[in-house]
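Structural characterization, general
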Amino acid sequence: MMLLLALLVPLAGAIACWALGPWLRNLAGWLATAAVGISFVATLLLWGAATQPGGVHLALFSWMSGFDFGLTLDPLSLLWALIITGVGFLIHLYSIGYMHGDRAFARFFAYMNFFIFAMMLLVLSDNWVGLLVGWGLVGLASYFLIGFWFERRSAVAAARKAFILNVIGDVGIMFAIFLIVANVHSIRFADTFAASATFGAPLLYAICAGLFIGAAAKSAQVPLHTWLPDAMEGPTPVSALIHAATMVTAGVYLVARCAPLWSHSPRAQMLVGTIGALTAIVGAILGTAQWDIKRILAYSTMSQIGYMIMGVGVGAYAGGVAHFFTHAFFKAQLFLASGLIIHALHNEQDVRKMGGLRARTPLAFWAILVGVLAICGIPGFSGFFSKDQIIQGVLENGHPWMYGVGLLTAGITAYYMFRLFFITFLGEYRGNVDPAQLGMAPEAVGAEVAHEPASTGSGEAHAPAWVMNLPVALLIVPSVLAGWLLFSTDGASSPWSRFFAAQFPTAAQASAAAVPEWATALIALGVVLAGIGVAVARYATRSAQANAVARLRDESLRMPKLLVNAFYVDTLIDGVFVRGARLLGSLFGRILDPHVIDGAVRGVAASAVGFGVLVRALQSGLVRAYALVIVLGVGCFLAYYVFGIPR
Amino acid sequence: MLVLVLILLPLIAGALLFLLPRDDVAMSKSVGAVAAAAVLVLAVAERGESWAWRWFSHPFIAEIHFGATYLSHWLVVLLALCTLCAVLASNVPRTRNMIAALLLLEGTMAGLFLARDLLVFALFWDAMLLPVFFVLIGWAEHPATAWRYFTYNFAGGLTLLLAVAAFGALYGSTDVIGNPAYHAIASAWAPWMLAGFAFAFLVKTPVWPFHTWMPQTYEETPAPMVAVVSAVQSKAGLYGFIAIAFALFPSYFRQEAPILIVLAVISMLYGALVALVQADAKRVVAYSSLSHLGLIVLAIASQNPLALSGALVYIVAHGLFSAALFLVLGYVEEREETRSLARLGGLGWANPRLTGVFCITALAALGLPGLAGFVGELIILIGVYQAGLVWAAILALVAVVLASAYMLRLLQGATNGAEVPDLPVRRDLTLLEGLAVAPLLAALLYFGVYPHALLVLMR
């Protein structure tokens with residue numbers, strides 16, 4: 001019952017906010033926040049039961065034999081559920097302040113609560129179809145929230161793009177379900193995993209590949225990643241909750257959930273590990289070329305999820321999942337803190353127009369500093385532990401080249417995150433500098449005006465400042481400390497590995513790595529320090545700060561086209577698929593339909609003896625005449641049958 | 001007797017409506033709604049009784065025989081629900097005549113679905129064209145549309161009638177629909193009869209390349225009528241495939257199924273691609289229907305039991321969402337006086353309730369998980385895959401992706417973006433308008449979560 005409560009209270013909150021929005025007004029925010037809070041507490045109360053062998057299970061209903069629905073809570077889903085509702089609670093609270101005065105305030109919270117419900121459904125389902133329903137509904141919530149300011153063309157286009165790319169993922173999962181049901185005759189995970197030993201390698205690979213299309217679309221893996229940067233059109237709390245902490249990690253959840261499948265398919269492991277590694281480095285490289293603070297964070301999210309996918313893909317489940325856990329805190333914090341800046345600067349998102357903000361937004365300064373240290377993996381901060389565990393994990397699972405990519409990406413990450421930090425907080429405030437002097441493209445300048453959320457502007461009192469500051473401050477604690485859960489002196493018995501002992505039975509990864517863990521940590525630290533060093537040299541030295549405007553203009557104008565256009569993936573998808581489909585549609589609709597098919601029909605009709613004449617004669621008549629002809633015709637046929645057919 | 005009432009009640013009520021004053025919209029709407037609601041209650045209550053009367057026994061046995069099978073029960077319930085909603089949503093010039101036509105359509109289509117005799121089936125097949133034909137004559141922008149609709153479908157009706165006559169002469173009886181005593185006819189003419197039936201069904205559904213009458217008809221038929229036509233009349237062809245083509249000619253049907261599969265897959269992709277570029281909102285939905293119905297034809301042609309039970313779910317789901325879509329598009333057209341996607345936009349702020357309803361409807365149509373269309377799609381495609389039609393299943397998934405592209409284009413085109421200054425601003429959805437689509441949306445949600453009642457074929 002408690003499980004049902006945790007799932008359904010956010011849904012009830014969503015319905016209440018949606019239906020009663022005009023009456024609830026600002027109460028909607030508190031109501032929605034409370035709903036997520038209740039869900040969090042309910043999940044927390046189930047902790048004890050969920051960590052027992054077998055976890056909590058609740059059977060719901062059945063469509064027909066083989067299609068049984070139920071919920072389950074085991075350590076893996078418990079972790080996700082706690083992050084979804086816990087971080088979700090803080091972000092809801094923050095949103096009360098951030099969205100204050102928006103004329104669709106209640107609708108925003110309806111969507112947010114709906115998202116929590118859908119995401120809980122995704123992680124709590126004990127079967128493929130329930131998972132797919134949650135999978136589709138989080139995509140819907142994401143669509144609604146990206147396109148929340150729907151009078152903006154760019155937001156509408158971004159929302160549609162995200163939805164369609166995610167449907168490609170849904171369809172991949174559907175295909176996997178075809179294979180599973182055809183072979184297992186049941187949609188339950190447990191039945192599938194029990195039967196997986198009997199699958200042949202090609203079948204197993206096909207199932208994994210189908211599922212991974214879903215995971216790749218949802219988690220913004222190359223080449224299905226192009227929606228994520230555009231998704232930053234949504235309000236900043238949405239970016240923090242959906243496009244950083246929770247929804248985009250659903251792919252990691254799916255692969256971790258299907259560990260019994262992946263563990264038996266080396267080809268699937270290779271596929272997922274490769275895509276993850278590729279995404280990690282591509283995201284990081286593109287992160288170095290962005291100017292919009294949210295897009296920098298979006299590419300860093302993509303890159304960090306690439307790490308997680310690489311980890312869970314090759315069998316380093318505990319590491320991949322741990323990085324989800326720590327990333328949820330520090331990335332949510334980075335987004336919320338950048339939201340503080342955007343709020344303070346009246347919707348300015350371009351870092352070139354920031355600078356010297358340390359005094360103006362001190363909380364954001366500290367929060368972003370901690371977040372940057374955590375994401376770079378500075379020892380002691382949470383990201384250090386989880387990232388090292390992945391990098392070490394891929395090596396132990398026998399993929400040295402991924403190990404190299406992981407280390408390299410760590411260095412690039414350190415560079416672009418400190419670049420963000422330095423440009424934003426050091427030097428002089430550049431908000432009053434002419435955009436052209438900063439090398440900003442003129443069209444980008446025009447777009448900024450539209451970013452203003454539609455405000456009622458009725459001079460209402462502002463929401464208290466603490467609703468936005470408190471969540472940011474609170475998130476600093478786990479951003480620093482969460483990683484220590486992974487720490488152990490003897491290598492095996494950290495709280496983390498004990499928590500997941502039953503979930504991921506120590507896989508066949510016991511092979512001793514060529515590089516010991518402490519050495520990996522040292523190498524990673526060296527690479528990271530090198531990355532930071534480059535960032536310091538370019539942005540933080542005294543001379544760099546003095547010529548900040550000129551330097552930024554130079555960098556803007558000299559940015560390689562390849563990076564500005566994000567390796568032309570978007571251009572390619574648009575040119576081949578979108579245009580291709582439209583071209584075919586026009587060809588069929590404008591030429592084939594009216595001329596070829598209809599032409600053939602007309603030809604057949606006209607060549608029938610006298611038919612054309614008949615039609616013309618009929619068309620000149622009156623409605624009554626038509627009716628008469630029809631009645632006569634039917635009468636003739638009737639008479640024909642009633643009065644006999646010669647045998 | 002109950003089945004007879006299901007057919008006669010709407011026919012009589014429809015005829016009687018012409019006695020009411022022409023301009024009293026409220027009265028004709030209430031009378032029509034009461035009649036339609038009564039039919040709905042009876043359709044739900046109906047428990048498989050049948051009624052038969054020997055019509056003639058020479059040269060072959062023909063019975064005026066009505067009775068519901070499992071499939072026709074659901075089709076009649078869907079018909080009754082859609083008709084009721086369409087009556088409530090009727091807001092066109094000459095409302096009385098429109099409501100009368102809706103009831104006449106309901107009566108003739110109930111007769112079609114309940115007929116257990118091929119000859120009765122064939123007669124109702126032609127009869128159900130008439131209400132739509134006269135509505136097109138009266139309301140369409142071009143009278144040629146009415147003739148186009150009629151000629152195409154009547155051509156199908158003719159081949160159907162010829163096939164029925166041949167069937168009667170060769171088998172000795174036409175009382176064969178859902179008749180357990182029927183033994184498969186073995187005759188050299190059987191493929192020709194099957195072709196005669198199939199042509200009628202392919203045109204009516206429609207299936208590519210027999211679809212070219214449909215976009216224009218759907219575009220020009222007023223919203224309440226086109227809602228019923230696309231939701232239920234299009235199912236007459238599908239019903240025919242299941243209850244006649246497949247049931248009466250099983251071995252020949254199996255032999256010819258590959259042709260049907262190819263046409264179904266082409267319909268799915270072709271309809272989806274053309275829907276992607278239509279400028280008129282109703283034409284988007286018309287071509288989307290071609291695509292969606294292709295999926296059901298694929299299910300039938302696969303002859304897999306799972307696919308067939310999914311087909312029933314999708315028949316109901318498509319009926320619900322296409323009726324709702326056309327009604328909603330009618331609401332939009334009434335307010336904005338245009339259907340052009342290039343003109344429409346920004347309804348979201350002016351009409352939030354209408355936008356909400358539009359949104360749910362469009363999501364149902366694109367197969368959002370949690371709504372009935374998704375259940376149908378999923379179960380059909382699992383079945384199609386099991387039947388070994390792997391490529392058909394994969395191509396169908398492509399159509400699923402395209403569906404979200406064209407449906408979002410439609411939804412966003414009408415509701416999102418900045419408000420268009422030169423479009424009229426009218427009041428939001430009224431209570432009655434809301435009530436007219438609410439049952440459709442509620443049913444979509446219910447069957448989307450718990451389609452148990454529709455999946456009985458598998459139990």
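Residues numbered from 1 in each chain as written. Chains lettered and ligands numbered in written order. Predicted model: local features only at pLDDT ≥ 70, side-chain atom pairs only at ≥ 80, totals over all residues. Heavy atoms only, no water.

Some details on the overall build of chain B
For clarity, the threshold we go by: Numbered from the N terminus, helices here are DSSP runs of H or I no shorter than four residues, and strands are runs of E no shorter than two. We take the radius of gyration over the C-alpha atoms and set the globule estimate at 2.2 Å times the residue count to the 0.38 power. To sort residues, take the accessible area from a 1.4 Å probe on protein chains only and compare it with the maximum for the residue type: under 20% means buried, over 50% means exposed, and anything in between is partly exposed. Two residues form a contact once any of their heavy atoms are found within 4.5 Å. Surface accessibility follows the Shrake-Rupley procedure with a 1.4 Å probe radius. Residue values consider only the protein chains on display as shielding. Residues counted as positive are Lys and Arg, residues counted as negative are Asp and Glu, and His and the chain ends are not counted. The location of each charge is read from NZ of Lys, CZ of Arg, CG of Asp or CD of Glu.
Check the secondary structure of chain B and you find 18 helices and two strands. Its C-alpha atoms give chain B a radius of gyration of 21 Å, within 12% of the compact-globule value 23 Å for 459 residues. By residue count, 68% of the 459 residues in chain B fall in the buried class. Sequence-distant contacts, at least 24 apart, represent 81% of the contacts inside chain B between residues at least 6 apart. Accessible area of chain B: about 13,800 Å², with a carbon and sulfur share of 70%. Side chains of chain B give 21 positive and 23 negative charges; the mean places of these two sets differ by 1 Å.

Some remarks on the interface of chain A and chain B
So the rule is basically this: Accessible area, probed at 1.4 Å, shrinks when two parts are joined; the buried area is that loss added up over both. A carboxyl oxygen of Asp or Glu within 4 Å of a side-chain nitrogen of Lys or Arg is what we treat as a salt bridge. As used in this structure description, the phrase polar contact means that two N or O atoms lie within 3.5 Å; if the pair is within protein, one of them must be able to donate a hydrogen and the other to accept it, and residues adjacent in sequence are counted only when both atoms belong to side chains. Classification used: nonpolar for Ala, Val, Leu, Ile, Met, Phe, Trp, Tyr, Cys and Pro, charged for Asp, Glu, Lys and Arg, polar for all others including Gly.
Contact with chain A, which involves 62 residues of that partner, is made by 71 residues of chain B. Note on chain A versus chain B: buried area summed over both sides is about 5,900 Å², and carbon and sulfur give 78% of it. Taken together, the connections running from chain A to chain B amount to one salt bridge. A salt bridge links Arg148 of chain B to Asp598 of chain A; its shortest N-O distance comes to 2.5 Å. Taken together, the connections running from chain A to chain B amount to 13 residue pairs in polar contact (both at pLDDT 80 or more). Of all the elements in the fold, those that place two or more residues in the side of chain A that touches chain B are strand S1 (56-62), helix H6 (128-146), helix H7 (153-184), helix H27 (569-607), helix H28 (611-619) and helix H29 (623-642) of chain A. With 15 residues, the single largest contributor to the side of chain A that touches chain B is H7 of chain A. Split into classes, the residues belonging to the side of chain A that touches chain B amount to 45 nonpolar, eight polar and nine charged.

What to know about the pairing of strand S1 (residues 50-56) of chain B
Residues and elements named next belong to chain B. Just so we agree on the cut-off: Strands pair, by our definition, only if DSSP identifies at least two bridges between them.
By the bridge criterion, six bridges tie S1 to strand S2 (residues 62-67) in an arrangement that is antiparallel. Among the inter-strand pairings, Ser50 is bridged to a residue of S2, identified as Gly67. Hairpin connection of S1 to S2: five residues between the antiparallel strands.

Quick look at the environment of Leu445 of chain B
Residue and element names in this part refer to chain B. Structurally, the position occupied by Leu445 is in helix H18 (residues 431-449). Classification of Leu445 by relative accessible area gives partly exposed; the value is 47%. For the pair Leu445 and Gly14, spaced 431 residues apart in sequence, the C-alpha separation works out to 31 Å. In this structure Leu445 touches Gly370 and Leu371, once residues within four positions along its chain are discounted.

A look at the side chain of Ser300 of chain A
Structurally, Ser300 of chain A is set in helix H15 (residues 293-314). Setting aside anything within four residues of it in sequence, one finds Ser300 of chain A in contact with Lys331, Ile375, Tyr416 and Met417 of chain A.

Here we look at the packing of H7 of chain A against helix H16 (residues 372-386) of chain B
Here is the rule: Orientation is described by lines fitted to C-alpha atoms, with helices fitted over the stretch in contact, and by angles between N-to-C directions that extend from 0 to 180 degrees. Each angle gets one of four labels, with under 35 degrees taken as roughly parallel, over 145 as roughly antiparallel, 65 to 115 as roughly perpendicular, and the rest as oblique. Two helices crossing with the near one rotated counterclockwise from the far one by less than a right angle form a left-handed crossing, whereas a clockwise rotation gives a right-handed crossing.
Running from N to C, H7 of chain A and H16 of chain B cross one another at 55 degrees; their axes reach a closest spacing of 9 Å. Judged by the angle between their axes, H7 of chain A and H16 of chain B are oblique. Here H7 of chain A runs over H16 of chain B; the crossing is right-handed. The residues of H16 of chain B that touch H7 of chain A, namely those facing Met174, Phe175, Ile177, Phe178, Leu179, Val181 and Ala182 of chain A, are Glu377, Leu378, Leu381, Ile382, Tyr385 and Gln386 of chain B. Class assignment of the residues belonging to the contact of H7 of chain A with H16 of chain B gives a composition of eleven nonpolar, one polar and one charged.

Description of the confidence of the model for chain A
All names here are of chain A. Under the convention used in this document: A residue's pLDDT is the confidence the predictor assigns to it, expressed on a 0 to 100 scale.
Averaged over every residue, the pLDDT of chain A is 87; residues scoring 70 or more account for 88%. When pLDDT is averaged over each element of chain A, H6 comes out on top at 96 and helix H20 (residues 442-449) at the bottom at 48. Confidence drops under pLDDT 50 across residues 445-461; counting only partners more than four residues distant or on other chains, this segment forms 25 contacts.

A closer look at unusual backbone geometry
The residue after His58 of chain B, namely Pro59 of chain B, is reached through a cis peptide bond having omega 5 degrees. Here Pro59 of chain B lies in the loop between S1 and S2. A cis amide bond, omega 0 degrees, links Trp208 of chain B with the succeeding residue Pro209 of chain B. Tracing the backbone shows Pro209 of chain B in the loop between helix H8 (190-204) and helix H9 (214-220). Phi is positive for Asn347 of chain A, which is not a glycine, with a value near 70 degrees. By secondary structure assignment, the location of Asn347 of chain A is in the loop between helix H16 (317-344) and helix H17 (362-376). Here Asn347 of chain A falls in the buried class, since its relative accessible area comes to 13%. For Ala566 of chain A, which is not glycine, the phi dihedral falls at a positive 50 degrees. Structurally, Ala566 of chain A is set in the loop between helix H26 (561-564) and H27.

Here's the deal with H16 of chain A
All names here are of chain A. This is how the line gets drawn: Multiply 1.5 Å by the residue count of a helix minus one, and that product is the helix's expected span. Consider a residue and the seven residues that end there alongside the seven that start there; fitting an axis to each set, the bend is the angle between those axes.
Over its 28 residues, H16 extends 40 Å from the first C-alpha to the last, a length consistent with the 40 Å expected when each residue adds 1.5 Å. Remark: the principal bend of H16, roughly 30 degrees, maps to His327. Most of H16 sits out of view: 25 of its 28 residues are buried.

Overview of the packing of aromatic side chains
In this description, an aromatic ring pair is defined by two values, namely the gap between the centres and the angle between the planes. Note the cut-off: Classification of ring pairs rests on two measures: the distance between centres of Phe, Tyr or Trp rings, Trp counted by its six-membered ring, which must be within 6.5 Å, and the angle between planes, read as stacked under 30 degrees, edge-to-face over 60 and tilted in between. Geometrically, a lysine NZ or arginine CZ counts as sitting over a ring once it is within 6 Å of the ring centre and also within 35 degrees of the ring normal.
One pass over the structure, following the stated rule, counts 70 aromatic pairs over all chains. Ring centres 5.9 Å apart and planes at 45 degrees place the aromatic pair Phe197 of chain B and Phe249 of chain B in the tilted group. With Phe197 of chain B in helix H8 and Phe249 of chain B in the loop between helix H10 (223-248) and helix H11 (250-275), this residue pair connects regions lying 52 residues apart in the sequence. Through successive ring pairs, a cluster of aromatic residues spans Phe113, Phe121, Trp125, Phe167, Tyr171, Tyr182, Phe197, Phe201, Tyr239, Phe241 and Phe249 of chain B. Here the guanidinium or amino end of Arg360 of chain A rests over the ring plane of Tyr429 of chain A, the centre of that ring lying 4.8 Å away. The cationic tip of Arg419 of chain A hangs over the ring face of Trp291 of chain A; the distance from NZ or CZ to the ring centre is 4.5 Å.

Looking at helix H15 (residues 352-365) of chain B
Residues and elements named next belong to chain B. End to end, H15 covers 20 Å across 14 residues, agreeing with the expected 20 Å (1.5 Å per residue, within 8%). The element H15 is extensively covered by neighbouring structure, given that eleven of its 14 residues are classed as buried. Buried residues of H15: Leu354, Thr355, Gly356, Val357, Phe358, Cys359, Thr361, Ala362, Leu363, Ala364 and Ala365, and no others. Trailing H15 by a residue or two, Gly367 shows a phi angle of about 80 degrees, which is positive.

Remarks on a nonpolar patch on the surface
All names here are of chain A. Operational definition: Like-charged residues within 9 Å of one another, or nonpolar side chains (Val, Leu, Ile, Met, Phe, Trp, Tyr) within 5 Å, are grouped into patches, provided each residue has over 30% relative accessible area and no salt bridge.
Taken together, the side chains of Met2, Leu5, Ile38, Val41 and Leu45 present a nonpolar region at the surface, about 420 Å² in accessible area. Elements supplying a minimum of two residues to the nonpolar patch: helix H1 (2-24) and helix H2 (27-45). For the nonpolar patch, the element with the highest residue contribution is H2, accounting for three residues. Residue placement: Leu45 occurs in helix H2.

Considerations on the pattern of salt bridges
Residues and elements named next belong to chain B. For the structure on display, the rule yields 22 salt bridges over all chains. For Glu219, the salt bridge identified is with Arg339, shortest N-O distance 3.5 Å. Residue Glu219 is found in helix H9, and its partner Arg339 is found in the loop between helix H13 (305-336) and helix H14 (347-350); the two are separated by 120 residues along the sequence. In this structure Arg339 comes out as buried when scored by relative accessible area, which is 11%.

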